[in-house]
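Descriptive analysis of the structure
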Amino acid sequence: MKIRRLFNRRVMRISILIAIVCGLETACYGFDFTPRDYSIVPPAPTVSAFMQSIEYPVDYSHGTPNISLPLYTLKSGSIEIPVYLSYCSGGIRVTQKTGNAGLGWILCCGAAISHTVNGAPDDAFGEMHGIWHLNADETSFRNKLMAKQADYDPINGAYYKANLSWEAVEGKRYYEGRTDLANDLFHLNGLGLSATFTLLNSGQIVKSSDQPIKISKFLQSNKWLDGGCDNYGFSVETNNGLTYKFSTQERTKYEFSYGDPLLSQKNDSIYYSSAWHIDKITDLNGNTINYKYVPGKTFIIKDMGHTIEMGYSNPSLSKLSPSNIRSVSSVKYFTQTLQTIEGSGIVIKFDYIVPASSESDAIIKSVTIISPDNKKRVIEFSYSGQLLTE
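Nothing here was measured: the structure is a model prediction, and the numbers come from that model.

1. Some points on the overall build of the chain
- Check the secondary structure of the chain and you find 7 helices and 22 strands.
- Every one of the 390 residues in the chain was classed for burial, and the buried ones make up 52%.
- Intrachain contacts of the chain at a sequence separation of at least 6 include 64% that bridge at least 24 residues.
- A total accessible area of about 18000 Å² is found for the chain, and carbon and sulfur atoms account for 51% of it.

Okay, here's the thing in structure tokens:
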């Protein structure tokens, strides 16, 4: 799957995003001088299922039925949080993972910002340079690729030497799989919010949304012991005076290979955030609704990356050497599971069961609504098909 095609399917309407990605493909007589494909690393299964409504909006203008079952509505001041079951009527895909209420079903009661990695995480630093941490050579190399200056005839060594010798110098880390040149995508969804955006290395957020919302990035005080520079969250402000805070992170371990494609590959890993869950909603009068999470299931999905054909220029041999490598070998997800929602003295508690599949997240078992006078209402769920284990 090429990045350009990915953006086309998303129907991005911001020219800068299209320019950033479409400028990365260059051809040279049967080979791409740059990698043909980037590995596409999605967020964890439950977050992916939650975000699927972005691709299949449910309203009359899109011709898909709105299948939902309301369970409860939590209110605090001008804030209303509907709790309901929703079914994705866009159909079941071959590789689709189970949501938190079964295949195709999702229990909706919050919001999240997902992080889809194109190539490597933008905030990566160390052996891998994400797009936010490019050095001067890498930045120059990326700019020239976007300007289509990387097209050349590998047979014509004299032309290469005279005009494009910068590729062997500025692009060395890129050819060794240690530089990321593609912007990642972030998706906001839930509680009536919807947007797709990317973060530039300047910190600017470039978004596409039909809604008049403001998305801001803020730094958090936590410092991850496992490394990474993803100690940040997001806030979203709407024109009706509500502020949404997203700070609970789903950490992900990204394992990758790098090195000269003609030699043995080395292995390394980095950590990044694949999702941010909503923590707090505040209205203009100070009324709040709070979300609490607990660490969820940890699981590994191997061979996440597509096999890519990489061309490496060797000036001394005046030839282009192809090599099939994977830019990412496995991804380990450290998920977060919603435990409670609290507001106006009411507590909504969620209990789960763990499916037998190693690639599925926790599935909802029951929802308990506790009133201020400690009266309880319990909604239980049962499933058929694949066996589940407590």
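Still more ground to cover, so stick around.
2. Focus on the nonpolar core
- Formed by 50 residues in total, the largest nonpolar core has its most connected members in Leu188, Ile215, Phe234, Phe246, Tyr291, Ile341 and Phe350.
- Contacts of Phe246, omitting those with residues within four sequence positions, involve Ala111, Ala112, Ile113, Leu188, Phe218, Gly233, Phe234, Val236, Trp276, His277, Ile278 and Asp279.

3. Things to note about the packing of aromatic side chains
- Per the counting criterion, the structure on display carries 13 aromatic pairs.
- For the pair Tyr254 and Tyr272, a centre-to-centre distance of 6.4 Å together with 75° between the ring planes defines the contact as edge-to-face. Pair noted here: Tyr254 is in strand E13 (residues 243-258) and Tyr272 is in strand E14 (residues 266-282), with a separation of 18 residues, a long-range link. Take Tyr254 and Tyr272: they sit in the same class, and that class is buried.
- Sitting above the plane of the Tyr232 ring, Lys217 keeps its charged end 4.5 Å from the centroid.

4. Points about the sheet that holds strand E6 (residues 105-108)
- In spatial order, the strands read E4-E5-E6; together these 3 strands make up an open sheet with antiparallel pairing. Both edges of this open sheet fall to strand E4 (67-76) and E6, since each of them pairs with a single strand only. If you compare each strand with its neighbour and ignore which way they point, the axes differ by 15° on average.
- Where E4 meets strand E5 (residues 79-87), 9 bridges bridge the pair, whose relative direction is antiparallel. Each bridged residue has a counterpart across the sheet, and for Leu74 the counterpart in E5 is Ile81.

5. Things to note about the pairing of E13
- Within E13, 12 of the 16 residues are buried, leaving the element largely enclosed by the surrounding structure.
- Judged from the 4 bridges that link them, strand E12 (residues 232-237) and E13 form a sheet pairing that is antiparallel. Note that in E13 the partner of Val236 across the bridge is Tyr244.
- Bridge count between E13 and E14: 15 bridges; the pairing is antiparallel. Each bridged residue has a counterpart across the sheet, and for Ser257 the counterpart in E14 is Asn267.
- Here E13 runs beside strand E18 (residues 330-343); their pairing, made up of 5 bridges, is antiparallel. Within the sheet, the bridge partner assigned to Tyr254 lies in E18 and is Val331.

6. Side note on the state of the cysteines
- In the structure shown here, the tally under the stated rule is 0 disulfides.
- No disulfide involves Cys108; its nearest neighbouring cysteine sulfur is the one of Cys109, lying 7.6 Å away.

7. Observations regarding the pairing of strand E20 (residues 363-370)
- Judged by how many residues are buried, E20 sits mostly within the fold: 7 of 8 residues are covered.
- When strand E19 (residues 346-355) meets E20, the two strands line up antiparallel, connected through 7 bridges. Within the sheet, the bridge partner assigned to Val347 lies in E20 and is Ile370.
- As paired strands, E20 and strand E21 (residues 376-380) are joined by 5 bridges and run antiparallel to one another.

Reading the values: the criteria
All residue numbers refer to position in the chain's written sequence, counted from 1. Selection of residues for local features in this predicted model requires a pLDDT of at least 70, selection of side-chain atom pairs for listing and counting requires 80 or more, and totals for whole chains, interfaces and linings are taken over all residues. As a rule here, side-chain values cover all heavy atoms of the structure and leave hydrogens and water aside. Under the scheme used here, helices are H or I runs from DSSP no shorter than 4 residues and strands are E runs no shorter than 2 residues, and both carry numbers assigned from the N terminus. Relative accessible area decides the class of each residue, using a 1.4 Å probe on protein chains only: under 20% of the type maximum gives buried, over 50% gives exposed, and in between gives partly exposed. It only takes one pair of heavy atoms within 4.5 Å for two residues to be counted as in contact. To measure how exposed things are, a 1.4 Å probe is used in the Shrake-Rupley method; for residues, cover is taken only from the protein chains shown. Buried Ala, Val, Leu, Ile, Met, Phe, Trp, Tyr and Cys residues that are joined via side-chain atoms within 4.5 Å together make up what is termed a nonpolar core. Here a Phe, Tyr or Trp ring, Trp counted by its six-membered ring, pairs with any other such ring whose centre lies within 6.5 Å, and the pair is stacked when the planes are under 30 degrees apart, edge-to-face when over 60, and tilted otherwise. A positively charged side chain is recorded as over a ring if its NZ (Lys) or CZ (Arg) lies within 6 Å of the ring centre. The angle to the ring normal must also be within 35 degrees. Strand pairing is assigned whenever DSSP identifies at least 2 bridges connecting the two strands. Lines are fitted to the C-alpha atoms to define the axes, a helix being fitted only along its stretch in contact, and any angle between axes, read from their N-to-C directions, falls within 0 to 180 degrees. Sulfur atoms of two cysteines make up a disulfide when they are within 2.5 Å.

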